[in-house]
Amino acid sequence: MRILLAAALLWPAPPPAAPPPAAPPMAAPLPAAPSDLHPCAAASIRCEGEISVPLNWSDPGGERIRVAFAWLPAARAKGTVLADPGGPQPALPALPIIEETLGPVLRDHNLLVVEPRGQGRSSPLRCQGLDLARPSTVASCAAQLGPRAQYFATDQAVSDLDAVRQALGVPKVSFYGNSYGTLFAQAYAARFPDRTAAVFLDSVVTPSPAGHATWPIRFRLDNLDLVCRSSSACARLPGEAGRTFARLVKRVRAHPDPELPMRALIALSRSPQEATVGRELAAATGSYLRGDRAPLHRLAEVVRAMPMPPTAGAEWAGYVAYLCNDGAFAFDRTAGAARRAAQLAAYHAGERPTYPFTLAELGGMTPAHLCVDWPTPRDEPPVPPAAAFPAVPALAVAGDFDTHGPAEVSPVIRRFPRGTLLPVRYGAHSMAWSEGCARTVLRAFLSDPGRPPAVTGCDLANYTAVGSFPLSGADVKPMPARTLPARDRRPAAVGYATAADVLSRRNPLSFLHAGLTEQAGLRGGRVTFTGDGRVIRLDQVRYTADVAVSGTLTLGETVSADLTVDGRAVKLSWKPFQATERTAISGSVDGRPFTSLS
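All values derive from a computational prediction rather than experimental measurement. (Residues numbered from 1 in each chain as written. Predicted model: local features only at pLDDT ≥ 70, side-chain atom pairs only at ≥ 80, totals over all residues. Heavy atoms only, no water.)

## Some thoughts on the side chain of T244
Inference 1: Mapped onto the fold, T244 is located in helix α8 (residues 241-254).
Inference 2: Setting aside chain neighbours within four positions, we find T244 in contact with P238, G239, T285 and L289. (Helix = DSSP H or I, 4+ residues; strand = E, 2+ residues; numbered from the N terminus. Contact = heavy atoms within 4.5 Å.)

Below, the structure written as structure tokens:
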């Protein structure tokens, strides 16, 4: 199996691709800044620049490198936000999404984004022939870069951030860290507590007891249980959802299915935050084990089409440097390559961290395997384990489905004397980068860090997991509508079940399915999604094998369905995307109106 899958699923995703920011032309030359400040300190509009810093901050008279930054001053600033988007990847290309996320905060706060050393425009590291799918090229990269590679690490990078702050004359910063940027935020607050005004952490990287970044190698099958427990229909399924999925993996391993390759199962197990997957996976797993393969094949078809991120290129050297220099792995960082490899092999043999999958099914490697041949002579963890964090307002948002959930993030934020944890039900990664509760909380916090959050948690759940995929119309419970004659209740129910199944592909949290323009019906027919996503057309769609449904769904605050169900005219209306067990439905069958709570 291609190791690209491991790159997509086991490593933190790089920030969304964005064009490098271009500084707008300045109307006039910059006014003079004090001689000890960077010229951008006097800017009234966006200014980009760079400063010179030591390669090794413990040897300020030695080799120097260049670090780039973008400075967006506010007219009447009452503070400065220092933002890092994570990766570890170049930060400046993510400036547009950072600006969008902060929104009104930037009316009265400056924004500072610093390109991490070794990345993008900050003395980038490059290794010819580097391919993360081939660990031997990482060993070659380490040899190409030599001893200086050890200084491209978080402990050194946060000193660069503070040097830029000082060069701009900024007294203190509120640090907004996203993903790997949360490690930078913790490292900065620990080393520069007097320069830290506040800290906001989204999608937290947790440090090990020794202060290194943890890179958990695991498959959170408990997330399947979490989703299933919230639905009575799913909870009634036999066994626990996670264990049932593990049985499925074993079955497919013994009896390979070309429409359900192991890489698709790996992707599905890691995707409960994808609303359509979360809604269907437990029931589809049970159906498959009972002989009905259609529901799981349909999910697999979508995840199999996921684009694989590139893993080859000289520019990945900076990523590898941070990964290996910062990381805590199942081997002794001071050991040689042979001993590290043996320790890692023993760990996988004893702990089976990739269960229910084998290491071979992941391509034979994890991020730790990349670092076996990467020397780490310095013992300078990103977060000093004994450091006292400053008593400043600190807030962390942690999602159920993120790499580190609320329970794991709690000890991190508790290190801040004024730290608060805000759990996000069904939350995933980089939550403030999307409209919703986490972004609202971020903006309120950074606008006034001293004010307690208005909410104690966020809830992104907007669906309940289904419990079954009926094979025939007779398996669908009739619509509980007393005003309808008995003969009309099942067509109404089948029409609604078909429409709800199709509509789930347009759930706002169904990112994988959002790009679909058409898809086969579960058991036949065709679904077409319009470009704006508001109209869905059904052509002889069979959610059950014996009932064909045609017509249109129109999506707004409510859904309007105008359907033909085996020749019967069925009209339906309901409010979509709710995490409720029962839905209020109104409509008609052949002109006979009804209301129902189904």
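## Re the layout of surface pockets
Inference 1: A volume near 1400 Å³ is recorded for the second largest pocket.
Inference 2: In this structure, the second largest pocket is lined by 45 residues; those nearest its centre are A233, V466, Y496, E581 and S598.
Inference 3: Elements that contribute at least two residues to the lining of the second largest pocket include exactly α7 (232-235), α10 (275-289) and α17 (486-503).
Inference 4: If one sorts the elements of the lining of the second largest pocket by residue count, α17 sits on top with five residues.
Inference 5: Split into classes, the residues belonging to the lining of the second largest pocket amount to 22 nonpolar, 14 polar and nine charged. (1 Å grid on protein atoms, 1.4 Å probe; cavity = no way out; pocket = protein on both sides within 12 Å on 5 of 7 lines; lining within 4 Å. Points joined across faces, edges and corners; volume = space filled by probe spheres on them. Nonpolar A, V, L, I, M, F, W, Y, C, P; charged D, E, K, R; others polar.)

## Examining the sheet that holds strand β9 (residues 394-399)
Inference 1: Spatially, β1-β2-β4-β3-β5-β6-β9-β10-β11 is the arrangement adopted by the nine strands of the open sheet, whose pairing is mixed. Edge positions in the sheet fall to β1 (47-54) and β11 (458-459), since each has one partner strand and no second.
Inference 2: With six bridges connecting them, strand β5 (residues 173-178) and strand β6 (residues 196-202) associate as parallel partners. Counted as the bridge partner of S174 is A198 from β6. (Pairing = 2+ DSSP bridges.)

## Comments concerning the packing of aromatic side chains
Inference 1: Inspection of the entire model under this criterion finds 15 aromatic pairs.
Inference 2: A centroid spacing of 5.7 Å and a plane angle of 55° characterise the contact between F175 and Y188, whose relative ring orientation is tilted. Here F175 is found in strand β5, whereas its partner Y188 is found in helix α5 (residues 181-191), with 13 residues between them in sequence. Like F175, the residue Y188 is buried in the burial classification.
Inference 3: The interplanar angle of 75° and the centroid separation of 4.5 Å between the aromatic rings of F389 and F416 together place this pair among those described as edge-to-face. With F389 in the loop between α14 (367-370) and β9 and F416 in the loop between α15 (406-414) and β10 (419-425), the pair connects residues that are 27 residues apart, well separated along the chain.
Inference 4: With a relative accessible area of 6%, F389 lands in the buried category.
Inference 5: Since its relative accessible area comes to 2%, F416 is described here as buried.
Inference 6: Ring pairing ties together the aromatic residues Y180, F184, W215 and Y322, which thus form one cluster.
Inference 7: R270 extends its terminal NZ or CZ atom over the ring of F219, reaching a point 5.0 Å from the ring centre. (Phe/Tyr/Trp six-rings, centres within 6.5 Å; stacked < 30°, edge-to-face > 60°. Buried < 20%, exposed > 50% of the residue type's maximum accessible area, 1.4 Å probe, protein only. Lys NZ or Arg CZ within 6 Å of the ring centre and 35° of its normal.)

## Here's the deal with the packing of helix α2 (residues 95-102) against helix α16 (residues 437-447)
Inference 1: At a minimum axis distance of 9 Å, the contact between α2 and α16 shows a crossing angle of 80°. The angle between α2 and α16 places the two elements in the roughly perpendicular class. Residues E100, T101 and L102 of α2 lie in contact with α16, whose contacting residues are R439, L442, R443 and L446.
Inference 2: Across the contact of α2 with α16, the residue classes break down as three nonpolar, one polar and three charged. (Axes fitted to C-alpha atoms, helices over the stretch in contact; angles between N-to-C directions. Parallel < 35°, antiparallel > 145°, perpendicular 65-115°, else oblique.)

## Describing the confidence of the model for the chain
Where the model shows low pLDDT, its predicted coordinates should not be examined in detail.
Inference 1: Of all residues in the chain, 94% attain a pLDDT of 70 or more, and the chain-wide mean is 92.
Inference 2: Per-residue pLDDT stays below 50 along residues 1-29; that stretch engages in 67 contacts with residues further than four places along the chain or on separate chains. (pLDDT = per-residue confidence, 0-100.)

## Quick word on the pattern of salt bridges
Inference 1: Enumeration according to the criterion identifies 31 salt bridges in this entry.
Inference 2: One salt bridge connects R220 with D222, and the closest N-O pair in it is separated by 2.9 Å.
Inference 3: As a salt-bridge pair, D488 and R568 come within 2.1 Å of each other at their nearest N and O atoms. Taken together, the residues span a long stretch of sequence, with D488 in helix α17 and R568 in strand β17 (residues 568-574) at a distance of 80 residues. The residues D488 and R568 share a single accessibility class, namely buried.
Inference 4: One salt-bridge network, in which partners are shared between bridges, spans R279, E280, R298, D501 and R505. (Salt bridge = Lys/Arg side-chain N within 4 Å of Asp/Glu carboxyl O.)

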